Protein chains: 2
Amino acid sequence: MSKAGSFVLHGAAAYSESKDRLITYESAYVVCEDGIARGVFREIPEKFREFPVTELGEKLILPGMVDLHVHAPQYAFHGTGFDLQLIDWLDRYTYPEEMKYKKKLYAERSYDLFVEDLYCGASTRAVIFATRHVGATVRLMELLDETGLVTYVGKVNMDRNVPEGYCETTEESLLATEKWLARCEAKEFQNTMPILTPRFTPTCTRALMDGLGKLSAEFGIPVQSHLSENLGEIEWVKNLEPDSAYYGETYDRCGLFGTNGKTIMAHCVHSGDEEVRKMKENGVFIAHCPQSNMNLMSGAAPVRRYLDQGMRVGLGSDVAGGAETSMFTAMKDAVHVSKMRFALSHPEDTPLTLSEVFYMATMGGGEFFGRVGSFMDGYEFDAVILDDTNIATLHRMNTEERLERAVYCADDRNIVSKYVRGKKLY
Amino acid sequence: MSKAGSFVLHGAAAYSESKDRLITYESAYVVCEDGIARGVFREIPEKFREFPVTELGEKLILPGMVDLHVHAPQYAFHGTGFDLQLIDWLDRYTYPEEMKYKKKLYAERSYDLFVEDLYCGASTRAVIFATRHVGATVRLMELLDETGLVTYVGKVNMDRNVPEGYCETTEESLLATEKWLARCEAKEFQNTMPILTPRFTPTCTRALMDGLGKLSAEFGIPVQSHLSENLGEIEWVKNLEPDSAYYGETYDRCGLFGTNGKTIMAHCVHSGDEEVRKMKENGVFIAHCPQSNMNLMSGAAPVRRYLDQGMRVGLGSDVAGGAETSMFTAMKDAVHVSKMRFALSHPEDTPLTLSEVFYMATMGGGEFFGRVGSFMDGYEFDAVILDDTNIATLHRMNTEERLERAVYCADDRNIVSKYVRGKKLY
């Protein structure tokens with residue numbers, strides 16, 4: 001890994017300025033100064049003329065992508081187990097796997113595979129669920145930190161409705177979290193940060209969530225969880241927490257819904273008006289996970305409405321509810337789910353456009369990390385370089401067509417180089 | 001390419017006996033005698049002991065897959081142009097591309113790319129639309145014939161509602177078809193056969209379809225077309241052919257709906273009861289094209305109902321309505337579309353299972369070619385060999401799990417060997 005530098009990349013480029021404004025160049029100079037993007041130009045501006053230029057020919061230069069929701073331990077069974085809906089799927093496949101991460105050696109070997117996969121794909125940043133285990137979670141953070149990818153990782157909290165041997169008591173869960181945060185602090189990670197991670201309301205008592213809310217407030221630590229993914233889950237939450245007007249309130253009342261630290265809620269497939277209003281008010285990030293929502297039969301999230309209301313929306317692979325960490329697949333699936341929603345149930349919700357899904361995969365999720373996900377002046381410089389010559393055609397395609405084709409046909413074979421915060425990873 | 005032989009493959013194996021009966025072995029001997037499958041065994045039966053055994057270790061041995069609906073010329077823009085619904089998409093992207101195939105050199109170069117892609121994927125058989133052009137269509141057939149893949153290829157017929165320069169007159173279309181059939185006969189193809197291909201009712205007058213129906217009856221040539229894909233298309237057919245009770249009748253009354261030759265109708269997303277009844281009665285094959293139906297916002301075909309009624313259903317990539325020729329993707333998308341249909345609009349139609357989509361990709365489409373798509377005794381021996389070691393996990397997965405994972409995560413990288421009719425292609 002090189003140092004964050006000042007340089008210019010020359011090639012075909014695409015990036016978002018907003019969800020509706022996709023900028024593409026057939027041939028352009030993408031400028032990075034001390035790890036910060038300075039814009040994209042047809043000619044190198046005078047003040048950057050001294051920077052070294054990397055000639056990329058016709059390769060595609062895109063902002064690094066952001067996987068806003070992914071479960072590292074579930075990578076072990078990715079691509080299998082899609083015969084069940086959420087709650088049964090957790091019991092049958094997920095908890096039995098996650099329990100294994102008590103063993104640090106198993107965890108290390110399995111996380112190695114996950115981290116390598118993430119490293120080879122289009123993601124430069126990710127927000128990740130680990131397991132309840134402090135040791136394994138810290139090891140995952142070490143492995144990720146070494147890659148140069150920028151990540152948030154969460155030790156998972158759960159104190160009810162989880163199989164014996166994997167469940168924590170409220171006290172254990174909070175103590176372990178404090179211990180974990182202290183160890184994170186001592187490690188002085190360069191690229192990896194902790195994020196508080198109550199699994200979801202069905203597995204977290206109010207006492208646990210109150211405790212986590214206090215930690216979030218005290219240390220300003222961000223939060224991630226799941227919300228309104230599945231109708232059975234929502235019904236369960238109603239029964240467990242009859243005092244809450246809506247599912248999201250079970251987080252909000254504990255300070256875990258964007259009021260203390262930046263917060264990501266994964267899925268939001270079935271969020272009602274009140275919940276949506278509160279997410280908007282609190283600036284909660286929605287991690288839309290289209291393939292997971294198909295695989296686990298959860299439904300089709302109203303992403304058109306979220307985007308039209310100016311809410312914060314990114315994309316998540318949600319491995320292993322999703323089968324792959326690929327953000328190309330996530331963009332394609334986001335279009336597909338929106339088209340199914342449009343065709344089957346909500347003709348008023350027009351399908352997502354290429355510009356919108358690309359925005360969500362880059363700037364939408366990137367905003368959780370700050371000014372990330374674009375080549376506009378002032379953004380942290382994350383980039384992936386694509387060689388798409390293996391996707392054969394006689395056509396001379398323009399950059400926007402090549403970008404669309406990448407969404408539908410590209411995979412990790414096409415990623416030949418990757419930059420994070422101005423450092424070249426490979 | 002080797003000769004059709006007698007041999008045994010040893011490895012992990014999976015195949016269908018019926019849509020509900022997926023057979024898997026962790027370690028088995030798959031027997032081919034003179035190009036015909038003789039079954040799968042734990043020990044090599046006495047009478048096959050002399051056959052040479054190829055040791056494939058833990059590799060997966062699957063029946064070759066059948067792409068029941070794909071447009072070869074549209075491969076040129078695969079992965080792009082998914083912003084429009086069917087009729088506008090045809091006008092904007094498809095017809096302008098297909099017109100180019102008047103030039104044989106362009107056709108040859110472009111078809112080369114398509115054929116190579118098909119050769120490298122999991123399909124051992126395909127049923128293919130070409131263009132209206134006899135020369136280019138024959139060249140495509142030559143290229144395909146050389147590969148050893150078994151295919152049907154259709155010169156497309158159209159005599160109305162197609163842009164000038166690409167439309168034929170009724171007489172031209174029928175004469176060109178006869179000329180084409182004569183050339184096919186003279187070529188003495190080993191692996192490639194002609195199929196009559198009225199594009200779809202909006203572009204084919206009754207006179208043209210009557211003429212094609214007579215050709216089908218006279219020479220026993222099979223038929224392929226499109227049916228009830230898109231609501232706008234169906235409305236258009238109603239206006240064009242007010243005498244027909246339903247869309248499918250426009251084919252049936254001309255002898256192009258399974259009564260003269262085997263017939264494939266692609267899509268059948270919105271087929272009504274009468275149409276379904278007639279398809280069942282006539283043994284029409286349905287080519288379900290799930291990704292195309294998502295990309296072009298056509299809807300979600302009622303495949304659960306088709307399968308439950310015992311109708312003939314296979315899978316089509318429908319490139320370039322679908323982005324890829326991958327049959328893994330087609331299986332995955334078929335599950336996804338069925339889950340969206342289940343979750344969003346038809347809770348009574350339970351999602352398709354792994355067993356069902358694998359059946360459709362192999363035996364379902366294979367039936368169009370005869371006894372094809374399984375390793376049961378008497379089936380033509382088509383097989384693909386998968387090395388899935390690049391899909392990393394610490395788990396020791398069984399064959400069914402590996403098959404499911406292949407559906408969600410495999411691509412052409414995983415295909416290391418391919419057999420058609422007992423001949424090894426590579």
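Here the structure is a predicted model, which is why all the values come from computation and not from measurement. (Residues numbered from 1 in each chain as written. Chains lettered and ligands numbered in written order. Predicted model: local features only at pLDDT ≥ 70, side-chain atom pairs only at ≥ 80, totals over all residues. Heavy atoms only, no water.)

## A short note on the overall build of chain A
- When helices and strands are tallied, chain A shows 13 helices and 17 strands.
- Here the C-alpha atoms of chain A give a radius of gyration of 21 Å, agreeing with the 22 Å that 2.2 N^0.38 yields for 426 residues.
- Dimensions of chain A, computed from C-alpha atoms along their principal axes, come out at roughly 60 × 50 × 40 Å.
- Counting only residues that meet the buried cut, chain A has 66% of its 426 residues in that class.
- Entry remark: accessible area of chain A is about 14,600 Å², with carbon and sulfur atoms responsible for 47%.
- Distance between charge centres in chain A, computed from 46 positive and 62 negative side chains, equals 2 Å. (Helix = DSSP H or I, 4+ residues; strand = E, 2+ residues; numbered from the N terminus. Rg over C-alpha atoms; globule rule 2.2 N^0.38 Å. Buried < 20%, exposed > 50% of the residue type's maximum accessible area, 1.4 Å probe, protein only. Areas by Shrake-Rupley, 256 points an atom, 1.4 Å probe, with all protein chains shown as cover. Lys, Arg positive; Asp, Glu negative; His and termini not counted. Charge placed at Lys NZ, Arg CZ, Asp CG, Glu CD.)

## Concerning unusual backbone geometry
Residues and elements named next belong to chain A.
- Cis geometry is found at the peptide bond from Val 319 to Ala 320, where omega equals 10 degrees.
- Looking at the element boundaries, Ala 320 is found in the loop between strand 14 (312-315) and helix 11 (327-344).
- At Asp 34, a residue that is not glycine, the phi angle is positive and equals roughly 50 degrees.
- When you line up the elements, Asp 34 lands in the loop between strand 2 (21-33) and strand 3 (36-41).
- For Asp 318, which is not glycine, the phi dihedral falls at a positive 50 degrees.
- Within the secondary structure layout, Asp 318 lies in the loop between strand 14 and helix 11.

## Structural notes on the relation of the copies chain A and chain B
- In the superposition of chain A on chain B (RMSD 0.0 Å, axial shift 0.0 Å), the rotation amounts to 180 degrees. Between the two chains, the operation in question is that of a two-fold axis.
- Looking at the interface residues of chain A, 100% of them are also at the interface in chain B, so both copies use one shared face. (Least-squares fit on C-alpha atoms with pLDDT ≥ 70 in both. Contact = heavy atoms within 4.5 Å.)

## Observations concerning the side chain of Ser 317 of chain A
Residue and element names in this part refer to chain A.
- By secondary structure assignment, the location of Ser 317 is in the loop between strand 14 and helix 11.
- Ser 317 gets classed as buried once you look at its relative accessible area, which sits at 4%.
- Within the local environment of Ser 317, its side chain forms a polar contact with the side chain of Asp 67, the two groups lying 2.6 Å apart. (Polar contact = N/O pair within 3.5 Å; in protein donor to acceptor, adjacent residues only side chain to side chain.)

## Structural notes on the pairing of strand 4 (residues 53-63) of chain B
Residue and element names in this part refer to chain B.
- In the sheet, strand 1 (residues 7-18) pairs with strand 4 via five bridges, with the strands oriented parallel. Directly across from Ala 12, in strand 4, lies its bridge partner Leu 60.
- Judged from the four bridges that link them, strand 4 and strand 15 (residues 383-386) form a sheet pairing that is antiparallel. Across the sheet, the residue bridging to Pro 63 is Ala 383, located in strand 15. (Pairing = 2+ DSSP bridges.)

## Quick word on the environment of Ile 415 of chain B
All names here are of chain B.
- Along the chain, Ile 415 turns up in strand 16 (residues 415-420).
- In sequence terms Ile 415 and Leu 181 are 234 residues apart; their C-alpha atoms lie 34 Å from each other.
- Apart from the residues within four sequence positions on either side, Ile 415 is in contact with Cys 120, Gly 121, Ala 122, Phe 328, Ile 385, Leu 386 and Tyr 426.

## Quick notes on the confidence of the model for chain A
- Put simply, chain A has an average pLDDT of 97, and 99% of its residues get 70 or more.
- Interface confidence for the predicted complex, expressed as ipTM, amounts to 0.98; the pTM equals 0.98. (pLDDT = per-residue confidence, 0-100.)

## Considerations on the interface of chain A and chain B
- Contacts between chain A and chain B engage 50 residues on the former and 50 residues on the latter.
- Considering only the side of chain A, the residues that lose the most area to chain B are Met 340, Leu 344 and Leu 394 of chain A, jointly responsible for 15% of the buried surface there.
- The partner of Asp 412 of chain B in a salt bridge is Arg 413 of chain A, and the shortest N-O contact between them spans 3.3 Å.
- Linking chain A with chain B are 24 residue pairs in polar contact (both at pLDDT 80 or more).
- Secondary-structure elements contributing two or more residues to the side of chain A that touches chain B are helix 2 (104-120), helix 9 (290-295), helix 11 and helix 13 (399-409) of chain A.
- No other element matches the ten residues that helix 11 of chain A contributes to the side of chain A that touches chain B. (Buried area = accessible area lost by both parts, 1.4 Å probe. Salt bridge = Lys/Arg side-chain N within 4 Å of Asp/Glu carboxyl O.)

## Quick word on the packing of helix 4 (residues 170-187) of chain A against helix 5 (residues 206-219) of chain A
Residues and elements named next belong to chain A.
- It is the contact of helix 4 with helix 5, at a shortest axis distance of 9 Å, that shows an interaxial angle of 20 degrees. What the angle tells us is that helix 4 and helix 5 run roughly parallel. Regarding helix 4 and helix 5, the two cross each other, and that crossing is right-handed. In this structure, helix 4 contributes Thr 170, Ser 173, Leu 174, Thr 177, Glu 178 and Leu 181 to the contact, and helix 5 contributes Ala 207, Leu 208, Gly 211, Leu 212 and Leu 215.
- Taken together, the residues of the contact of helix 4 with helix 5 break down into six nonpolar, four polar and one charged. (Axes fitted to C-alpha atoms, helices over the stretch in contact; angles between N-to-C directions. Parallel < 35°, antiparallel > 145°, perpendicular 65-115°, else oblique. Left-handed = near helix turned anticlockwise from the far one by under 90°. Nonpolar A, V, L, I, M, F, W, Y, C, P; charged D, E, K, R; others polar.)

## Topic: helix 8 (residues 273-282) of chain A
All names here are of chain A.
- What helix 8 keeps buried is the set Glu 275, Val 276, Lys 278, Met 279 and Asn 282. When helix 8 is viewed along its axis, its buried side chains cluster within an angular range of 165 degrees and face the same direction. Along helix 8, exposed side chains directed more than 90 degrees from the buried face belong to Asp 273, Arg 277 and Glu 281.
- The elements touched by buried residues of helix 8 are strand 11 (223-227), helix 7 (247-252), strand 13 (285-288) and helix 10 (303-308).
- Phi for Gly 283, located one or two positions after helix 8, is positive at around 65 degrees. (Arc of directions from axis to C-beta.)

## As for helix 3 (residues 134-147) of chain B
- Over its 14 residues, helix 3 of chain B extends 20 Å from the first C-alpha to the last, a length consistent with the 20 Å expected when each residue adds 1.5 Å.
- Most of helix 3 of chain B sits inside the fold, with twelve of its 14 residues counted as buried. (Expected span 1.5 Å × (residues − 1).)

## Some thoughts on the sheet that holds strand 15 (residues 383-386) of chain A
All names here are of chain A.
- One open sheet holds the seven strands; their spatial order is 3-2-1-4-15-16-17, and the pairing between them is mixed. Edge positions in the sheet fall to strand 3 and strand 17 (423-424), since each of these pairs with one other strand and no more.
- One ladder, built from four bridges, connects strand 15 with strand 16 (residues 415-420); its direction is antiparallel. Across the sheet, residue Val 384 finds its bridge partner in strand 16, namely Lys 418.

## A closer look at a negative patch on the surface
- A contiguous patch of negative charge on the surface is contributed by Glu 26, Glu 400 and Glu 401 of chain A together with Asp 83 of chain B.
- If you trace the backbone, Glu 26 of chain A turns up in strand 2. (Patch = residues over 30% accessible without salt bridge, like charges linked within 9 Å, V, L, I, M, F, W, Y side chains within 5 Å.)

## Let's talk about the environment of Asp 91 of chain A
- Inspection of the secondary structure puts Asp 91 of chain A in helix 1 (residues 86-99).
- Asp 91 of chain A gets classed as partly exposed once you look at its relative accessible area, which sits at 43%.

## Comments concerning the pattern of salt bridges
All names here are of chain B.
- Under the criterion given, the structure shown has 66 salt bridges over all chains.
- Across the salt bridge formed by Glu 168 and Arg 132, the nearest N and O atoms sit 3.9 Å from each other. With Glu 168 in the loop between strand 8 (156-157) and helix 4 (170-187) and Arg 132 in the loop between strand 6 (123-129) and helix 3, the pair connects residues that are 36 residues apart, well separated along the chain.
- Taking relative accessible area as the criterion, Glu 168 reaches 5% and is therefore assigned buried.
- Between Glu 281 and Lys 278 there is a salt bridge, with its nearest N and O atoms 3.5 Å apart. One end of the pair, Glu 281, and the other, Lys 278, are both in helix 8 (residues 273-282), three residues apart, so they sit about a helical turn from each other.

## Topic: the sheet that holds strand 6 (residues 123-129) of chain A
Residues and elements named next belong to chain A.
- Reading across from one edge, 5-6-7-9 is the order of the four strands in this open sheet, with parallel pairing throughout. The open sheet has two free edges, formed respectively by strand 5 (65-71) and strand 9 (192-194), since each of these has just one partner strand. Mean inter-strand twist for the sheet, computed between neighbouring axes without regard to direction, equals 20 degrees.
- Of the strand pairs in this sheet, strand 6 and strand 7 (residues 150-154) are connected by five bridges, and their pairing is parallel.

## Observations concerning the pairing of strand 3 (residues 36-41) of chain B
Residue and element names in this part refer to chain B.
- Bridge count between strand 2 (residues 21-33) and strand 3: five bridges; the pairing is antiparallel. Directly across from Val 30, in strand 3, lies its bridge partner Val 40.
- Counted between consecutive antiparallel strands, the loop separating strand 2 from strand 3 contains two residues, among which Asp 34 sits at a positive phi close to 50 degrees.

## Let's talk about the packing of aromatic side chains
- Tallied over the full model, the rule gives 42 aromatic pairs over all chains.
- With centroids separated by 5.4 Å and ring planes inclined at 90 degrees, the aromatic side chains of Phe 7 of chain B and Phe 381 of chain B adopt a geometry described as edge-to-face. With a gap of 374 residues between them, Phe 7 of chain B in strand 1 and Phe 381 of chain B in the loop between helix 12 (354-366) and strand 15 connect regions that are remote in the sequence.
- Here Phe 7 of chain B falls in the buried class, since its relative accessible area comes to 10%.
- Of the residues examined, Phe 381 of chain B reaches a relative accessible area of 0% and is grouped as buried.
- Note on Tyr 101 of chain B and Tyr 111 of chain B: the rings are 5.0 Å apart at their centroids and 45 degrees apart in plane angle, and the pair reads as tilted. On the criterion of sequence distance, the pair formed by Tyr 101 of chain B in the loop between helix 1 (86-99) and helix 2 (104-120) and Tyr 111 of chain B in helix 2 is long-range, its members being ten residues apart. Taken as a pair, Tyr 101 of chain B and Tyr 111 of chain B share a single burial class, namely buried.
- Counting every residue linked through ring pairs, the aromatic cluster contains Phe 7, Tyr 15, Phe 375, Phe 381 and Tyr 419 of chain A. (Phe/Tyr/Trp six-rings, centres within 6.5 Å; stacked < 30°, edge-to-face > 60°.)

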